[in-house]
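Residue-level structure breakdown
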Amino acid sequence: MEKTELTINGAKHVVQVDDDTPLLWILRDTLGLTGTKFGCGVGVCGACTVLADGQAVRSCQIPCSAAAGRNFTTIEGLSPNGSHPCQRAWLEEEVAQCGFCQPGMIMTACALLRENPNPTDGLIDKVMSDSVCRCGTYPRMRRAIWRAAEQMRSPKQ
Amino acid sequence: MMTSRRKFLKTAALSGASLVIGFNGVRLLQGAKTSAPFQPNAWIRIDADGIVTLTIGKSEMGQGVRTSLAMLLAEELEADWTHIKLVQASPWPGSDLGTGGSDSIRSSWKPLRQAGAAAREMLTTAAAARWKVDRSSCTASHGAIIHSPSGRSLNYGELVGDAAKLPVPQDSPLKDKKNFKIIGQRTSRIDGHDIVTGKARYGIDVKIPGMLHASLERPPWDGAKVKRVQEDAARSVGGVRSVIKLSRGIAVVADTSWSAIKGRTALAAEWDDPPKDAFDSETHARRLETASRETGFITRSEKAPAGTGDITKTIEATYHYPFYAHAPVETMNCVADVREDHCTLWVPTQAPERLQNRVGELLGIPADKVEVNITLIGGGFGRRLGFDYAVEAAEISRAAKAPVQLLWSRADDMKHGHFQAASVHYLSAGFDAQGRPVAWKHTKAGSFHNISPLDPKEAHDVAWYQDWSWGAYDVPYAFPEIQTAYVTVNLPVKHGPWRAVFAPSSVFAREAFFDEVAQARGADPLAFRLEMLKGADVIKVGSTVDRRRLRRVLEVVRDKSGWGASIAKGHGRGVACNAYFGHTYIAYVVDVAVAPGNNVRVERVVAAVDCGLVVNPIGVEQQMEGGIIWGISSALKGEITFRGGAAQQSSYADFEVARMHDTPAIEVHIVPSDGPEPFGMGEPPVPPIVPAIVNAVVAATGKRVRSLPIRPEHFRG
């Protein structure tokens, strides 16, 4: 096991784990950042989505060896106090039910809006359909993304 | 740390400066004076700082129960909403904390408000005594008692010491609903901020000192023996501590989750080939179909009154309902710390007491030596009324002699759950010479739950069988002659509660076949439903069905959906309705589009719900939307099939569930109710959505759909 330096939420962490350890388990078991969830371990459900240099990635599919040198953001580091427009919009649209998939959904939405400040419904559907919410919060998520997009385009002071 | 009763009482007795009231739905009692026979199911505590803590056993799994229960308490207590804190209760001997059956709001409605009212009265009495004024001149509001004539006020926190010395009134007046300030208001989730910031802690997030991680390789079919297993290979994986053979498989225990997963893969376990007669879902479907022709146990029988026309024409149909998994995104998991004479569990569960008893039995210790800490649940849907995963965790911790977190993989979760059981429904309808429907017959061939043993002392009478066939025996329509029956078919694979339990299959068959009857009658399906809901307004058939409420929700979806307008080719509109236990009434109008490839897309759902008095409109809307999406999964996405005794699906790729692109436009209309009490919302939205989709697909294609999930080949050609 070699030491690897990872950048998570702007902070450097040196971890000593097997090279093939997925980032997901480094976040959860080694660093105690449990906001990122395990849902399937095979990249199908999206619960473990984090940002890598602003892009949405599945942390269960990124081995430690491929994680060095990239800047990762997890739900815990998205904003101080839940103030990111996506988090605010999620609360304002009353999206969450059980809430388990929501960190992954919010991270996916953040990456979508970063690249497409004005996404079409078709694009929202396409991007968000890579993730699973068994409670069925999709209608509210869709509205939250519209709302967050609007806030990001014309932020209120 | 969660609060057990013993510790709690001690704390209450020591602190002195808190007002503590325990309640069990029958009696209220002050904490410090609790005597043995009184076994409360929940507690409220008001501290000197004015914080109100509600300790309650209901599990939060997305239904918003923590928010809605806090609303009930705050209403009668006249509490400051921002000063209410919820603490999860743990079971104790005699407690009854389980969560299921859409029952939490209904069963908490009265006791929780009574407890709040009692505390309010005690605080009022204490304030009046302090000021030496008539207590009728004092009012409670926003966490304070106010004496308007003198303009004085005291916060609850300043009064708890005095109030705690007063006897607990048992019959404090409850507010009239027209004076509600909180109940009925759109109220945000109490835990919403924790969820969007990643702070919400589910079972999977529990970490305790010295905790190891386990992954369990289970036999693929019941009774399978292992042929080959590479134990040494597993042990040589870095971080693996031990490989343990258990009654239910081979556990790999390791320092981290990843080491446990890798170690389990390294086991490369090979199992016996299943016997030729191992469980197979196709064979089972044929067995069910054969059984559906038997008379079975008659769950309802009404003979046509004299003067009813003779049956001159009969139509019949057989409806097939498949197996489904719960597939919550948080897989089954449990942290168990087994010591010599006690055990502590941290577990996302809906059934804490049954779990406690079972683990106690396993370890040979009294149930009260098993401390159960209920965590947040990442999707319940009835799956966590089973507790197999907690028993496994306890067994592994005992063998490993260490605290262990057992985490199921997604494939474990798909293959080893307790499934929604398949069933087959045989229905027929008789018409008289004028074409009027005069007889309805519905026989359900299905299986009882087998995740926990049935109580042999329970009388297997009509009520018992009706319990297994909601949606079939309580057909709300006024056919002069009605016969419903249940045929029990043995089902060896694990099956148990799933969202809406026994209703989805029966309501699917009933509402889809009702459209066949309407078609045979040449009637509009929605108008025909209203016509067949005439006669007695209220019928008592085990549960009580109020046809007026069902008619009202149908009328609302008719008017809001533009029912009757012409529909473009390739599109269809369907309707279905249901009275859930006679409590919550729901109707849907669904629009579908059938693409050239015969793929079905639900485009719009117009819904009407009457769930009695509404506690939190946001919660009602969320459950309606979630139930509709759940139904879209059942109607159009994955099913579980068995070959060789094993479930064949292993992930969301082969047991598909609805995703964002499957989501229709949804309109939810909450029908104002004059009902005096609220009813549950977790399960009721599920049963009628699937037949409404089926009926829309039939309308679009002209082809009958009698099995689920709907597949393009059902209406090809």
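Residues numbered from 1 in each chain as written. Chains lettered and ligands numbered in written order. Predicted model: local features only at pLDDT ≥ 70, side-chain atom pairs only at ≥ 80, totals over all residues. Heavy atoms only, no water.

Quick look at the overall build of chain B now. The helix and strand inventory of chain B stands at 17 helices and 30 strands. Over its C-alpha atoms, taken along the principal directions, chain B stretches across nearly 80 × 75 × 50 Å. Out of the 717 residues belonging to chain B, those deemed buried represent 62%. Long-range contacts, defined as pairs at least 24 residues apart, comprise 76% of the intrachain contacts of chain B with a sequence gap of at least 6. Chain B carries 85 positive and 77 negative side-chain charges, and their two centres are separated by 1 Å. (Helix = DSSP H or I, 4+ residues; strand = E, 2+ residues; numbered from the N terminus. Buried < 20%, exposed > 50% of the residue type's maximum accessible area, 1.4 Å probe, protein only. Contact = heavy atoms within 4.5 Å. Lys, Arg positive; Asp, Glu negative; His and termini not counted. Charge placed at Lys NZ, Arg CZ, Asp CG, Glu CD.)

A few words on the overall build of chain A. Summing up its helical and strand segments, chain A has 6 helices and 5 strands in all. Seen in sequence order, chain A has helices and strands lined up from the N terminus as β-β-α-β-β-α-β-α-α-α-α. In terms of overall size, chain A behaves like a compact globule, its C-alpha atoms giving a radius of gyration of 15 Å where 157 residues would be expected to give roughly 15 Å. In terms of overall dimensions, chain A has C-alpha extents of about 45 × 35 × 25 Å along its principal axes. Scored against the burial criterion, the 157 residues of chain A give a buried share of 61%. By sequence separation, contacts in chain A at least 24 residues apart represent 54% of the contacts at least 6 residues apart. Taken together, the 16 basic and 16 acidic charged side chains of chain A have centroids lying 7 Å from each other. (Rg over C-alpha atoms; globule rule 2.2 N^0.38 Å.)

How large an interface is tends to be reported as the accessible area lost when its parts come together. Residues and elements named next belong to chain A. Split into domains, chain A comes out as domain 1 (3-77) and domain 2 (81-153). Computed from C-alpha coordinates alone, the two centres of domain 1 and domain 2 are separated by 21 Å. Taken together, the contact between domain 1 and domain 2 spans 18 residues of the former and 14 residues of the latter. For the domain 1 and domain 2 pair, buried surface summed over both sides reaches about 1200 Å², with 60% attributable to carbon and sulfur atoms. On inspection of domain 1 and its partner domain 2, the count reaches 0 salt bridges. The interface formed by domain 1 and domain 2 includes 3 residue pairs in polar contact (both at pLDDT 80 or more). Contributing elements (two or more residues each) for the side of domain 1 that touches domain 2: β3 (49-52) and β4 (55-58). Among the residues forming the side of domain 1 that touches domain 2, the class breakdown is 8 nonpolar, 7 polar and 3 charged. (Domains from an automatic or database assignment. Buried area = accessible area lost by both parts, 1.4 Å probe. Salt bridge = Lys/Arg side-chain N within 4 Å of Asp/Glu carboxyl O. Polar contact = N/O pair within 3.5 Å; in protein donor to acceptor, adjacent residues only side chain to side chain. Nonpolar A, V, L, I, M, F, W, Y, C, P; charged D, E, K, R; others polar.)

This brings us to the sheet that holds strand β27 (residues 600-610) of chain B. Strand pairing within a sheet occurs via backbone hydrogen bonds; the two strands may be parallel or antiparallel. Residue and element names in this part refer to chain B. With mixed pairing, 4 strands are arranged side by side in an open sheet as β25-β26-β27-β30. The outermost strands of the open sheet, each flanked by one partner alone, are β25 (571-580) and β30 (665-670). For this sheet, the mean inter-axis angle between neighbouring strands, taken without regard to orientation, is 15°. Where strand β26 (residues 584-594) meets β27, 10 bridges bridge the pair, whose relative direction is antiparallel. The residue of β27 that forms the bridge with I586 is V609. Helix α16 (residues 617-636) rests against β26, β27 and β30 of the sheet, and its axis sits at about 145° to β27. (Pairing = 2+ DSSP bridges. Axes fitted to C-alpha atoms, helices over the stretch in contact; angles between N-to-C directions.)

Okay, the pattern of salt bridges next. All names here are of chain B. Overall, the coordinates contain 57 salt bridges over all chains when judged by the stated rule. Across the salt bridge formed by R130 and D162, the nearest N and O atoms sit 3.1 Å from each other. Of this pair, R130 sits in helix α3 (residues 104-131) while D162 sits in helix α4 (residues 156-163); the two residues are 32 residues apart in sequence, bridging distant segments of the chain. By relative accessible area, R130 is classed as partly exposed at 38%. Salt-bridge contacts for E392 lead to R218; the nearest nitrogen and oxygen are separated by 2.9 Å. Of this pair, E392 sits in helix α10 (residues 388-400) while R218 sits in the loop between β9 (212-217) and β10 (226-228); the two residues are 174 residues apart in sequence, bridging distant segments of the chain. Each member of the pair, E392 together with R218, is buried.

Tallying the contact residues gives 59 residues for chain B and 50 residues for chain A. Between chain B and chain A, the buried area comes to about 4400 Å², and carbon and sulfur atoms account for 58% of it. Summed over the three residues of chain B that lose the most area to chain A, namely V196, V329 and M660 of chain B, the buried surface amounts to 18% of that side. For the pair chain B and chain A, the number of links is 6 salt bridges. Across the salt bridge formed by R140 of chain A and E621 of chain B, the nearest N and O atoms sit 3.1 Å from each other. Scanning the region where chain B abuts chain A turns up 33 residue pairs in polar contact (both at pLDDT 80 or more). Mapped by element, the contributors of at least two residues to the side of chain B that touches chain A are α5 (192-196), α7 (257-267) and α16 of chain B. In terms of residue class, the side of chain B that touches chain A is built from 28 nonpolar, 21 polar and 10 charged.

Okay, α10 of chain B next. Residue and element names in this part refer to chain B. Here α10 spans 18 Å end to end across 13 residues, near enough to the 18 Å set by a 1.5 Å rise per residue. Within α10, 10 of the 13 residues are buried, which leaves it mostly tucked inside the rest of the structure. For α10, the set of buried residues is D388, Y389, A390, V391, E392, A393, A394, E395, I396 and S397. A positive backbone phi angle near 55° is found at K401, which sits one or two residues after α10. (Expected span 1.5 Å × (residues − 1).)

Moving on to the packing of aromatic side chains. All names here are of chain B. Counting across every chain of the model gives 31 aromatic pairs over all chains. Summarising the aromatic geometry, the rings of W109 and F180 are spaced 6.2 Å apart at their centres and angled 90° between planes, so their arrangement reads as edge-to-face. With a gap of 71 residues between them, W109 in helix α3 and F180 in the loop between α4 and α5 connect regions that are remote in the sequence. Both residues of the pair, W109 and F180, count as buried. (Phe/Tyr/Trp six-rings, centres within 6.5 Å; stacked < 30°, edge-to-face > 60°.)

By definition, a disulfide links two cysteine residues through a covalent bond between their sulfur atoms. Residue and element names in this part refer to chain A. Taken as a whole and assessed by the stated rule, the structure comprises 0 disulfides over all chains. Unpaired in this structure, C64 has its nearest cysteine sulfur neighbour in C60, at a distance of 15 Å. A relative accessible area of 0% places C64 in the buried class. (Disulfide = S-S within 2.5 Å.)

With that out of the way, let us pick up the packing of helix α14 (residues 525-532) of chain B against helix α15 (residues 547-561) of chain B. What describes two packed helices is the angle between their axes and the distance between those same axes. Residues and elements named next belong to chain B. Packing of α14 against α15 brings their axes to within 10 Å, and their N-to-C directions diverge by 160°. Overall, the two elements α14 and α15 adopt an arrangement that is roughly antiparallel. For the crossing formed where α14 meets α15, the hand is left-handed. In contact with L526, R529 and L530 of α14, α15 contributes R551, L554, E555 and R558. Classifying every residue of the contact of α14 with α15 by side-chain character gives 3 nonpolar, no polar and 4 charged. (Parallel < 35°, antiparallel > 145°, perpendicular 65-115°, else oblique. Left-handed = near helix turned anticlockwise from the far one by under 90°.)

Residue and element names in this part refer to chain B. Domain annotation of chain B identifies domain 1 (5-189), domain 2 (203-273 + 332-407) and domain 3 (281-324 + 418-715). The straight-line distance from the C-alpha centre of domain 1 to that of domain 3 is 40 Å. Across the contact, 20 residues belong to domain 1 and 21 residues belong to domain 3. Here domain 1 packs against domain 3, burying approximately 1500 Å² in sum over the two surfaces, 57% of which is carbon and sulfur. It is S102, R106 and R186 in domain 1 that bury the most area against domain 3; as a group they hold 36% of the surface buried on that side. Counting across the domain 1 and domain 3 interface gives 1 salt bridge. Salt-bridge contacts for E621 lead to R186; the nearest nitrogen and oxygen are separated by 2.9 Å. For the interface between domain 1 and domain 3, the tally reads 7 residue pairs in polar contact (both at pLDDT 80 or more). Per-element accounting of the side of domain 1 that touches domain 3 gives the leading share, 4 residues, to helix α2 (residues 65-77). Taken together, the residues that form the side of domain 1 that touches domain 3 break down as 7 nonpolar, 10 polar and 3 charged.

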